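Coordinate analysis (summary)
Take a look at the letters that make up each chain.
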Amino acid sequence: MGDSSLKLAERRERMVEEQIVARGFTDERVLAAMRKVPRDLFVPPRLVAQAYADRPLPIGLGQTISQPYMVAIMTELVGVGPQSRVLEIGSGSGYQSAVLAEVAGEVWALELLAPLAERARATLSRLGYGNVHTAIGDGAQGWAEQAPFHAILVAAAAEKVPPALFAQLADGGRLAIPVGRARGNQVLLVYRRDGDTFREVRETGCRFVPLVSGTATGGRGVGAALRSLSQRRHGSGHHGEVGRMKAVRVRVSGRVQGVYYRVSAQAEGRRLGLQGWVRNTSDGAVMLHLQGAGDVVDAMLDWCRVGPAAARVSRVEVDDVARDETLQGFEVR
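A short tour of the structure in this document, coming up. Keep in mind it's a predicted model, so treat the numbers as computed, not measured. (Residues numbered from 1 in each chain as written. Predicted model: local features only at pLDDT ≥ 70, side-chain atom pairs only at ≥ 80, totals over all residues. Heavy atoms only, no water.)

**A short note on unusual backbone geometry**
The linkage connecting Ala147 with the following residue, Pro148, adopts the cis geometry, with an omega of 5°. One can find Pro148 in the loop between β5 (132–137) and β6 (149–154). Of note in the backbone geometry, Leu61 takes a positive phi value of approximately 60° without being a glycine. Counting through the fold element by element, Leu61 comes out in the loop between β1 (57–60) and β2 (63–65). (Helix = DSSP H or I, 4+ residues; strand = E, 2+ residues; numbered from the N terminus.)

Laid out in structure tokens, this is it:
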């Protein structure tokens, strides 16, 4: 371990002792996870020196990595164990995902913004978290195909709890979510399911970024926002993605067949100068292969999250693959 890594590890231990244990937190499993997960790898390079500060930090695109103490509290409140299946909404940098992965069996993490989801996926993969499954998707809709979940943790504030999350919570499971207006008072609520009854406990005041949902705008407003964010990121070289080549296999779920998704994807892929292909699958999804500069691939993933006007995308799952050197242009298969 180099001097810089050793210093970061010492600061991580001090963070746990001074910010979490000193506030009376005693859950040893969560404390062990907080001591292990390197928060410095989940923040932008320019903020590594502040990675163990007692506050949230910006991670780009208007989002933040939560205060370490809040990460510990929310992890404890959902009450997970080695056999637990956990859904995380608003995964952002992936730091909360990693902490959950240390104490739970499997974690399904949803993030609406493709650049953040992609960076989190890469970091989690590099750290060996094979029990975390990431996707780009509308957190308000949850992840119905993998439900029920023993725990659901929402790291963004909603004005009311999305009904889909109640429906996807297992009997006896817990749902932790900040509720309130984006710039007003928020309270961290925990719901425990007992059959068809959901018992609410008000835990503490908090401040989170708002939960953005495609359902609030019919998907169109979110699409415009994503494209705007993508354009801004291209100009700033967000997280050093510009110029780095990558290849990914993408699965898009929702209402995506019979809506001109493939031909529209081909047009967008060609406009961006990507190599790849798009095809329908037998189960109603669309599969794409994308390869090119990392920032351009992320821009295409932004587009995939929205698609053409008639599409209604529920989720975009991404996996790294080897480059296909035989590809020329972008085709429909």
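**Topic: helix α9 (residues 294–306)**
With 13 residues, α9 extends 19 Å from end C-alpha to end C-alpha; this agrees with the ideal 18 Å at 1.5 Å per step. Along α9, 13 of the 13 residues are buried, which leaves the element largely enclosed by surrounding structure. Where α9 terminates, the next one or two residues include Gly307, which has phi positive at roughly 75°. (Expected span 1.5 Å × (residues − 1). Buried < 20%, exposed > 50% of the residue type's maximum accessible area, 1.4 Å probe, protein only.)

**Focus on helix α3 (residues 68–77)**
When you tally the buried positions in α3, you get eight out of ten residues, the bulk of the element. Among all positions in α3, only Pro68, Met70, Val71, Ala72, Ile73, Met74, Thr75 and Leu77 are buried.

**Observations concerning the packing of aromatic side chains**
Considering all chains together, one arrives at five aromatic pairs under this definition. Both rings, one in Phe166 and one in Phe198, keep their centres 4.6 Å apart while their planes meet at 50°; by these two values the pair is tilted. Highlighted residues: Phe166 in helix α6 (residues 163–167) and Phe198 in strand β9 (residues 197–206), separated in sequence by 32 residues. With a relative accessible area of 26%, Phe198 lands in the partly exposed category. Aromatic rings pair up to connect Phe166, Tyr191 and Phe198 into one cluster. Stacked on the ring of Tyr69, the Lys or Arg Arg23 has its end atom at 4.8 Å from the ring centre. (Phe/Tyr/Trp six-rings, centres within 6.5 Å; stacked < 30°, edge-to-face > 60°. Lys NZ or Arg CZ within 6 Å of the ring centre and 35° of its normal.)

**Let's talk about the sheet that holds β5**
Overall, mixed pairing links the twelve strands, which are arranged β9-β8-β7-β6-β3-β4-β5-β13-β10-β12-β11-β14 in an open sheet. Sheet topology places β9 and β14 (330–332) at the edges, where each strand pairs with a single neighbour. Strand-to-strand twist across the sheet, computed as the mean angle between neighbouring axes with direction ignored, equals 20°. As paired strands, β6 and strand β7 (residues 169–180) are joined by four bridges and run parallel to one another. Looking across to β7, one finds that Ala151 is bridged to Arg174. Along the sheet, helix α5 (residues 114–126) makes contact with β4 (106–111), β5, β10 (245–255) and β13 (312–320), crossing β5 at roughly 170°. (Pairing = 2+ DSSP bridges. Axes fitted to C-alpha atoms, helices over the stretch in contact; angles between N-to-C directions. Contact = heavy atoms within 4.5 Å.)

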